[in-house]
Amino acid sequence: MKSMNEYIDEAEQVLLHTYNRFPVVFDHGSGVNLYDINGKEYLDFCAGIAVFALGYDNKEYNDALKSQIDKIIHTSNLFYSVPAIEAAEALTKAAGMDRVFFTNSGAEAIEGAIKAARKYAYSKDGGTDHEIVAMDHSFHGRTMGALSVTGKKAYREPFEPMIGNVRYAEFNDYGSLLSQVTDKTCAVIMETIQGEGGIYPADPDYLKSVRKLCDEKDILLILDEIQCGMGRSGSMFAYEAYGVKPDIVTVAKAVGCGVPVGAFMMTQKVADKSLVPGDHGSTYGGNPLVCAAVCEVLRQFEDKKILDNVKKTGEYLYSRLEEVKTRHGCILGHRGRGLIQGLEFDESVKAGDVCRKAIENGLIIITAGTNVIRFIPPLIITDDDVDKMIGILEDSLQGINS
Ligand SMILES: *Cc1c(COP(=O)(O)O)cnc(C)c1O
């Protein structure tokens with residue numbers, strides 16, 4: 001068998017170098033643990049970037065996919081399929097939405113959401129000069145449309161021009177939003193809890209004010225729940241805890257727990273004036289295989305009372321991270337809720353170094369934003385897993401400085 005370093009050298013010869021990967025080649029997973037090709041065990045507080053919510057080697061999930069593979073994997077969207085119909089019913093019900101379009105990724109869900117919003121405005125007044133207000137420090141994906149509403153200039157600049165008529169506001173600053181809204185604004189897009197940007201939840205009063213403004217001006221509120229949705233924050237969708245309902249919502253990541261699937265959903269009010277035959281499509285989007293996964297994921301969420309576990313374990317994680325914060329002067333802040341939390345470090349510590357050290361020590365954690373490490377484990381973790389993680393985290397911090 002090749003060594004890990006041999007595989008890594010080989011990878012760097014052939015994969016386009018768009019990621020600085022950690023030097024680990026994974027082989028398999030079980031529950032909340034991953035194993036590399038040498039058999040070393042890692043406690044996983046990354047979950048494939050908030051994807052693998054129900055744990056690895058989940059027998060019922062694997063069986064559901066295997067049995068769908070033996071039936072049919074793909075039909076195209078020119079026909080109906082039972083998994084797609086069932087997934088659509090279950091997902092719209094979970095989100096409180098009326099209509100869904102399945103995509104192959106998060107970025108594609110954002111593309112669809114942008115098109116749906118522009119079409120809605122176009123249907124109302126026939127204009128093609130509508131504007132979208134997006135947030136600073138937001139992240140919505142890497143395709144040209146999603147990038148155009150992503151609030152990190154460095155991600156956009158080499159690829160300009162972006163799609164036009166996008167303005168940026170400070171997140172959680174209502175005055176800043178007001179200053180960007182014009183007569184041409186058709187949509188406001190934001191993450192309910194900013195993920196990549198550094199784990200910043202929307203302030204409750206802010207989000208309520210945004211909803212009110214959108215209602216008054218018939219502006220569509222697009223909430224990107226690709227990372228914070230699907231139970232991660234402690235409610236099925238983070239907006240539920242705010243008592244706010246978006247007009248359009250995007251999901252991906254955990255919705256299929258590992259198969260490439262995302263979705264944008266909308267209310268009937270939007271659907272009535274939005275995308276019609278000819279406006280949008282996808283060859284793979286929502287094929288029977290990925291929709292079988294969505295159905296099984298939603299079934300297990302209910303069956304295993306995943307939300308209860310996220311609330312309970314999320315609170316425990318919160319209290320343990322607060323303790324870590326008091327013990328280490330280099331930690332400036334602690335944010336988030338449920339199983340999406342972050343620790344922000346001062347300049348004496350590089351978040352990336354903490355992650356590298358932790359991975360050496362058998363704990364997978366990743367960074368977010370400026371000097372933040374984020375905790376986005378599988379949603380099935382227990383208090384014991386949290387304790388184990390805290391132990392490795394503190395050892396890793398010791399190994400770095402402070
Ligand atoms: C990951 C992410 C995306 C992009 O999803 P991809 O599947 O990588 O295209 C969009 N929005 C948010 C909030 C995300 O976390």
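Relevant structure appears above.
Overview of the structure.

All residues in the neighbourhood of the ligand are listed as Ser105, Gly106, Ala107, Phe139, His140, Gly141, Glu191, Asp224, Ile226, Gln227 and Lys253. At 2.7 Å, a backbone N or O of Ala107 approaches an oxygen atom of the ligand. Lys253 is positioned such that a nitrogen or oxygen atom in its side chain is 2.6 Å from an oxygen atom of the ligand. About the coverage of the ligand: the protein hides 81% of its 390 Å² of free accessible area. Across the shell around the ligand, the residue classes tally to three nonpolar, five polar and three charged.

The full count for this structure, using the stated rule, is seven aromatic pairs. Centre to centre, the rings of Phe237 and Tyr239 are 5.6 Å apart; their planes meet at 15°, and the pair counts as stacked. A residue is classified by how much of its surface remains accessible, and Phe237, at 0% relative accessible area, is buried. Here a set of aromatic residues connected by ring pairs shows up, and it is made of Phe52, Tyr56 and Tyr61. The ring of Tyr200 has Arg335 sitting right over it, with the charged end atom 3.8 Å from the ring centre.

To continue, consider the packing of helix 13 (residues 351-360) against helix 14 (residues 383-400). Where helix 13 meets helix 14, the axes come as close as 9 Å, and the angle between the chain directions of the two elements is 120°. When the axis of helix 13 is compared with that of helix 14, the two are oblique. For the pair helix 13 and helix 14, the crossing hand works out as right-handed. Each of Asp353, Val354, Lys357 and Ala358 in helix 13 lies in contact with helix 14, whose residues at this interface are Ile392, Leu393, Ser396, Leu397 and Ile400.

All chains considered together, the criterion is met by 24 salt bridges. Among the salt bridges present, the one from Glu196 reaches Arg374, with a minimum N-O distance of 3.0 Å. Pair noted here: Glu196 is in the loop between strand 8 (193-194) and strand 9 (200-201) and Arg374 is in strand 17 (residues 372-375), with a separation of 178 residues, a long-range link. The class of Arg374 is buried, set by a relative accessible area of 3%. In this structure, Asp383 engages Lys312 in a salt bridge whose closest nitrogen and oxygen atoms are separated by 4.0 Å. Within this pair, whereas Asp383 is found in helix 14, its partner Lys312 is found in helix 12 (residues 306-327), the two being separated by 71 residues in sequence. Look at Asp383 and you get partly exposed, because its relative accessible area is 26%. A network of salt bridges, in which partner residues are shared, links Glu60, Glu296, Arg299, Asp303 and Lys304.

Looking now at the sheet that holds strand 14 (residues 340-345). Read across the open sheet, the four strands follow the order 13-14-17-16; overall the sheet is antiparallel. Both outer strands of the open sheet, strand 13 (331-337) and strand 16 (366-368), are each paired with one neighbouring strand and no more. Between one strand axis and the next, the sheet turns by 30° as a mean value, whatever way the strands run. Note: strand 16 against strand 17, three bridges, orientation antiparallel. From the neighbouring strand, Thr367 faces strand 17, where its bridge partner is Ile373. Set on the sheet, helix 12 makes contact with strand 13, strand 14 and strand 17; between it and strand 13 the angle comes to about 175°.

The next point concerns the pairing of strand 7 (residues 185-191). Judged by how many residues are buried, strand 7 sits mostly within the fold: seven of seven residues are covered. One ladder, built from three bridges, connects strand 5 (residues 131-135) with strand 7; its direction is parallel. Paired with Glu131 across the two strands is Thr185, which belongs to strand 7.

Moving on, we come to helix 11 (residues 288-303). Its 16 residues place the ends of helix 11 22 Å apart at the C-alpha level, agreeing with the 22 Å of an ideal helix rising 1.5 Å per residue. A large share of helix 11 lies buried, amounting to twelve of its 16 residues. When we look at burial in helix 11, the residues that qualify are Pro288, Leu289, Val290, Cys291, Ala292, Ala293, Val294, Glu296, Val297, Leu298, Gln300 and Phe301. Lining the buried residues of helix 11 we find helix 3 (59-71), helix 4 (82-95), strand 4 (99-103) and helix 12.

This part takes up unusual backbone geometry. With an omega dihedral of 5°, the bond running from Glu160 to Pro161 counts as a cis peptide bond. By the secondary structure assignment, Pro161 is in the loop between helix 7 (153-156) and strand 6 (166-169). Even without being a glycine, His137 presents a positive backbone phi close to 65°. Mapped onto the secondary structure, His137 falls in the loop between strand 5 and helix 6 (144-148). Exposure remark for His137: the relative accessible area of 49% places this residue in the partly exposed category. Backbone geometry places Asn165, a non-glycine residue, at a positive phi of 60°. By the secondary structure assignment, Asn165 is in the loop between helix 7 and strand 6. Given the relative accessible area of 36%, Asn165 is considered partly exposed.

Analysis parameters
- Residues numbered from 1 in each chain as written.
- Predicted model: local features only at pLDDT ≥ 70, side-chain atom pairs only at ≥ 80, totals over all residues.
- Heavy atoms only, no water.
- Near = heavy atom within 4 Å.
- Polar contact = N/O pair within 3.5 Å; in protein donor to acceptor, adjacent residues only side chain to side chain.
- Areas by Shrake-Rupley, 256 points an atom, 1.4 Å probe, with all protein chains shown as cover.
- Nonpolar A, V, L, I, M, F, W, Y, C, P; charged D, E, K, R; others polar.
- Phe/Tyr/Trp six-rings, centres within 6.5 Å; stacked < 30°, edge-to-face > 60°.
- Buried < 20%, exposed > 50% of the residue type's maximum accessible area, 1.4 Å probe, protein only.
- Lys NZ or Arg CZ within 6 Å of the ring centre and 35° of its normal.
- Axes fitted to C-alpha atoms, helices over the stretch in contact; angles between N-to-C directions.
- Helix = DSSP H or I, 4+ residues; strand = E, 2+ residues; numbered from the N terminus.
- Parallel < 35°, antiparallel > 145°, perpendicular 65-115°, else oblique.
- Left-handed = near helix turned anticlockwise from the far one by under 90°.
- Contact = heavy atoms within 4.5 Å.
- Salt bridge = Lys/Arg side-chain N within 4 Å of Asp/Glu carboxyl O.
- Pairing = 2+ DSSP bridges.
- Expected span 1.5 Å × (residues − 1).

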